[in-house]
Amino acid sequence: SQQGEEDPQALSIQEGENATMNCSYKTSINNLQWYRQNSGRGLVHLILIRSNEREKHSGRLRVTLDTSKKSSSLLITASRAADTASYFCATETNFGNEKLTFGTGTRLTIIP
Amino acid sequence: DAMVIQNPRYQVTQFGKPVTLSCSQTLNHNVMYWYQQKSSQAPKLLFHYYDKDFNNEADTPDNFQSRRPNTSFCFLDIRSPGLGDAAMYLCATSRVAGEEQYFGPGTRLTVT
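Here is a short report on the structure shown in this document.

Rules behind the numbers
Residues numbered from 1 in each chain as written. Chains lettered and ligands numbered in written order. Predicted model: local features only at pLDDT ≥ 70, side-chain atom pairs only at ≥ 80, totals over all residues. Heavy atoms only, no water. Helix = DSSP H or I, 4+ residues; strand = E, 2+ residues; numbered from the N terminus. Rg over C-alpha atoms; globule rule 2.2 N^0.38 Å. Buried < 20%, exposed > 50% of the residue type's maximum accessible area, 1.4 Å probe, protein only. Contact = heavy atoms within 4.5 Å. Buried area = accessible area lost by both parts, 1.4 Å probe. Salt bridge = Lys/Arg side-chain N within 4 Å of Asp/Glu carboxyl O. Polar contact = N/O pair within 3.5 Å; in protein donor to acceptor, adjacent residues only side chain to side chain. Pairing = 2+ DSSP bridges. Axes fitted to C-alpha atoms, helices over the stretch in contact; angles between N-to-C directions. Phe/Tyr/Trp six-rings, centres within 6.5 Å; stacked < 30°, edge-to-face > 60°. Core = buried A, V, L, I, M, F, W, Y, C linked by side-chain atoms within 4.5 Å.

We now examine the overall build of chain B. The secondary structure content of chain B amounts to zero helices and eleven strands. Walking chain B from its N terminus toward its C terminus, one meets helices and strands in the order β-β-β-β-β-β-β-β-β-β-β. What you see for chain B is a C-alpha radius of gyration of 13 Å, in line with the 13 Å of a compact globule of 112 residues. Dimensions of chain B along its principal axes, counting C-alpha atoms only, are 35 × 30 × 30 Å. Put simply, chain B has 112 residues, and 50% of those count as buried.

Take a look at the structure:
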């Protein structure tokens, strides 16, 4: 069964605006990760946030984690055309099963 | 510098004709993963290796097999491809299970 559900499924914004994507999950986690996938390519790791962390930054990316609500958000500030991609959250559950379960993804389109 | 390499990038096979996809890594990571990703869907884990320890997902069809002859290489064998097996196949590695994964560019499989 799907661990992560992302919202919205698709998002189109003007270049320069901020983009926010949300991820909800079902079971307790060790960490939550965000990945980007350009069309027809492999995934690229963006950021990892652990269950005892609430917020993390990396460049123009800001990730928050609310374990009480079982949700996370990814904010991309000052978006660029090159940010056009699909974004996936992935969770590692604390069952020690060594694997990630990916969410359904958000398709982000930046309009120049 | 290529870190996770997948060959071929595009593979066309006939219905029922066995096919092998390959993955190699220069990262010396212990863990290697194979995912199947269909259009507009999340990557779905097929198997993973923690060193030589093979872990099969419960819902991975018997038609799919994997080999890891050494740390650097991993193969995905599809014994009798069906039309439903057409997908992108992604290989990934991680230094520690459950942590950041590094993905290859994927192999796009077409079944005719």
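What follows covers the interface of chain B and chain A. Every contact between the two is made by 23 residues of chain B and, on the other side, 21 residues of chain A. Summed over both partners, the interface of chain B with chain A comes to about 1,600 Å²; 51% of that surface belongs to carbon and sulfur atoms. Interface area lost by chain B to chain A is led by G98, E99 and F103 of chain B, which between them contribute 26%. In this assembly, chain B and chain A are joined by two salt bridges. There are eight residue pairs in polar contact (both at pLDDT 80 or more) connecting chain B and chain A. Those elements that place two or more of their residues in the side of chain B that touches chain A are β4 (31–37), β5 (44–50) and β9 (87–94) of chain B.

On to the sheet that holds strand β1 (residues 4–7) of chain B. All names here are of chain B. Read from one edge to the other, the open sheet built from four strands follows the order β1-β3-β8-β7, with strand pairing classed as antiparallel. The open sheet has two free edges, formed respectively by β1 and β7 (64–67), since each of these has just one partner strand. This sheet shows a mean twist of 20° between the axes of neighbouring strands, independent of strand direction. Two elements, strand β3 (residues 19–25) and strand β8 (residues 73–78), share six bridges in a ladder whose sense is antiparallel. Looking at the pairing, L21 lines up with L76 of β8.

Take the packing of aromatic side chains next. Under the definition given, this model contains ten aromatic pairs over all chains. With 5.5 Å between their ring centres and 35° between their planes, Y35 of chain B and F103 of chain B make a pair best called tilted. Taken as a pair, Y35 of chain B in strand β4 and F103 of chain B in strand β10 (residues 102–103) lie far apart in primary sequence, 68 residues in all. The interplanar angle of 55° and the centroid separation of 5.1 Å between the aromatic rings of Y49 of chain B and F54 of chain B together place this pair among those described as tilted. For Y49 of chain B, a relative accessible area of 6% translates into the label buried. On the basis of relative accessibility, which here comes to 36%, the residue F54 of chain B falls in the partly exposed class. Taken together, the ring pairs connect Y35 and F102 of chain A together with Y33, Y35 and F103 of chain B into an aromatic cluster.

Once that is clear, we can look at the pattern of salt bridges. All names here are of chain A. Scanning the model with the defined rule gives seven salt bridges over all chains in all. With a closest N to O distance of 2.9 Å, R60 and D83 form a salt bridge. Of this pair, R60 sits in the loop between β6 (55–58) and β7 (61–66) while D83 sits in the loop between β8 (71–76) and β9 (85–93), and the two are 23 residues apart along the sequence. Residue classification places D83 among the buried residues on the basis of a relative accessible area of 8%.

Turning our eyes to something else, we now look at the nonpolar core. With 22 residues, the main nonpolar core has L32, W34, L74, I76, Y87 and L108 of chain A as its most contacted residues. In contact with L74 of chain A, other than residues within four places in its own chain, are A19, T20, M21, W34, L46, L61, R62, V63 and Y87 of chain A. Listed in part, the 18 residues of the second largest apolar core include V4, F64, C91 and L109 of chain B.

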